[in-house]
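# What the coordinates show
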Amino acid sequence: MVFSSHAAQRAETYQNALNMAGSDGVIAYCYGPDWNRRSVMLLNSFWKSEKLSEAAGDAILVAVPFYEDKHSAEASRHSHIGSGMPNPAFSVCPTVMFFDKNGRMYASMQGNDYLGTDAACTEGVKNVQKYLQALRTQQQLMAKADSAQGEEKAKILAQVAELPIKSPDGLLQQIKEADPKDKLGYARRLEFNARAFMYDQLDTKDGFLHPDFEPDYTKMMKDCEAVFRDDALRSRDRQAVYNLYIGQSRREHIQGNRLKGLIRKVNKLDPDTDYGQLSPTLMNLWGSLKHKTTPEERRAERNKKKTKEKEKREKKRQERHIEVN
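Residues numbered from 1 in each chain as written. Predicted model: local features only at pLDDT ≥ 70, side-chain atom pairs only at ≥ 80, totals over all residues. Heavy atoms only, no water.

Okay, the nonpolar core next. Grouped burial of nonpolar side chains is what soluble globular proteins tend to show. Counting residues in each nonpolar core, the largest one holds 39 residues, and the members touching the most others are Ile 27, Phe 46, Trp 47, Val 96 and Phe 98. Only strand 2 (26–31), helix 2 (37–47), helix 3 (50–55), strand 4 (95–99), strand 5 (105–110), helix 6 (122–146), helix 7 (150–161) and helix 8 (171–178) provide two or more residues apiece to this core. Sorting elements by how many residues they give to this core places helix 6 first, with 9 residues. Residues contacting Val 96, with those up to four places away along its chain left out, are Ile 27, Ala 28, Tyr 29, Phe 46, Trp 47, Ala 107, Ser 108, Met 109 and Leu 115. Listed in part, the 24 residues of the second largest apolar core include Tyr 217, Val 227, Leu 262 and Met 283. (Core = buried A, V, L, I, M, F, W, Y, C linked by side-chain atoms within 4.5 Å. Buried < 20%, exposed > 50% of the residue type's maximum accessible area, 1.4 Å probe, protein only. Helix = DSSP H or I, 4+ residues; strand = E, 2+ residues; numbered from the N terminus. Contact = heavy atoms within 4.5 Å.)

Below, the structure written as structure tokens:
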């Protein structure tokens, strides 16, 4: 791990930190003095450590208390410390929040997921350094994009979008202006939303299916295949879409050997994503299935088909009746 040769400065309040901030911005540590003992312990073992100060570079550090009893005397005395700063997501403590010099939050990390469980919080120190380096890279790329034009500018801005921190406001619009016809596909990449695609396929707005909803398997297959073949989209998004198709294939009683082939395609696209890592297990669970429909299932399927055809005929009859009148 490489640290800077000097320690980051510390401020007493968030507003003071912003006033002092340079290109490395502000990093705030949120803790709960009267309700979260672990966050108080980490205030000393992690936040005040020399390793953290070195890893934070030229960022201004500030520790901000969030009290459960907001009406206590102690909470009132310290309320000015976090004035103007947004609360941590879901009020979780400990949380580390990263701001640029203008007060725009570009990253955050919470609890053991990012701070680690060892006494020195080695993982937390690494992540602070990672996000801070991403901010520096973002600033360098944005400066480079300012002097570029057209597709070259779009390529640089696309690199900004792939950094593990929040993109600058208006980045998508800048990409569209640099590549109006989206020849490179970067705008499509940023705009695509796998969940929205799934909701559209399942005709839902909240994730709950209508009781009488029946997916069009042929349409879903074509739509999902088109997304999966789109190289401009992120691998994870393409895999998520294809998994929708795989799940519906399973419900359509597609045999295991074919399911196995579909799952293998997901794994091959990117074996390192969550979906890619899940694929081998899914192949073992579904890859040997040889479903044979029972007479009752076939009868139910025929009845369902007859009902649909009857409804279509009735709808057409009503439409003709309306036209005549």
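One pass over the structure, following the stated rule, counts 11 aromatic pairs. Judged by centre distance (6.0 Å) and plane angle (35°), the ring pair of Tyr 217 and Tyr 245 falls under tilted. Within this pair, whereas Tyr 217 is found in helix 11 (residues 217–228), its partner Tyr 245 is found in helix 12 (residues 235–251), the two being separated by 28 residues in sequence. What makes Tyr 217 buried here is its relative accessible area of 16%. (Phe/Tyr/Trp six-rings, centres within 6.5 Å; stacked < 30°, edge-to-face > 60°.)

Another aspect to go through is the layout of surface pockets. In this model, the second largest pocket occupies a volume close to 300 Å³. Surrounding the second largest pocket, 17 residues form its lining, Pro 65, Phe 66, Tyr 67, Lys 70 and Asn 87 being those nearest its centre. Looking at the lining of the second largest pocket, the elements that each hand over two or more residues are strand 3 (60–65) and helix 4 (73–78). Among the elements that make up the lining of the second largest pocket, the one with the highest residue count is helix 4 (3 residues). (1 Å grid on protein atoms, 1.4 Å probe; cavity = no way out; pocket = protein on both sides within 12 Å on 5 of 7 lines; lining within 4 Å. Points joined across faces, edges and corners; volume = space filled by probe spheres on them.)

This brings us to the sheet that holds strand 4. Within the open sheet, the 5 strands sit side by side as 1-3-2-4-5. Their pairing is mixed. Sheet topology places strand 1 (9–10) and strand 5 at the edges, where each strand pairs with a single neighbour. Note that strand 1 and strand 3 share 2 bridges and pair parallel. Each bridged residue has a counterpart across the sheet, and for Gln 9 the counterpart in strand 3 is Ile 60. Across the face of the sheet, helix 6 comes into contact with strand 2, strand 4 and strand 5 while running at roughly 170° to strand 5. (Pairing = 2+ DSSP bridges. Axes fitted to C-alpha atoms, helices over the stretch in contact; angles between N-to-C directions.)

Another point: a negative patch on the surface. A surface patch of like charges, here negative, comprises Asp 34, Glu 68, Asp 69 and Glu 74. Within the secondary structure layout, Asp 34 lies in the loop between strand 2 and helix 2. (Patch = residues over 30% accessible without salt bridge, like charges linked within 9 Å, V, L, I, M, F, W, Y side chains within 5 Å. Areas by Shrake-Rupley, 256 points an atom, 1.4 Å probe, with all protein chains shown as cover. Salt bridge = Lys/Arg side-chain N within 4 Å of Asp/Glu carboxyl O. Lys, Arg positive; Asp, Glu negative; His and termini not counted. Charge placed at Lys NZ, Arg CZ, Asp CG, Glu CD.)

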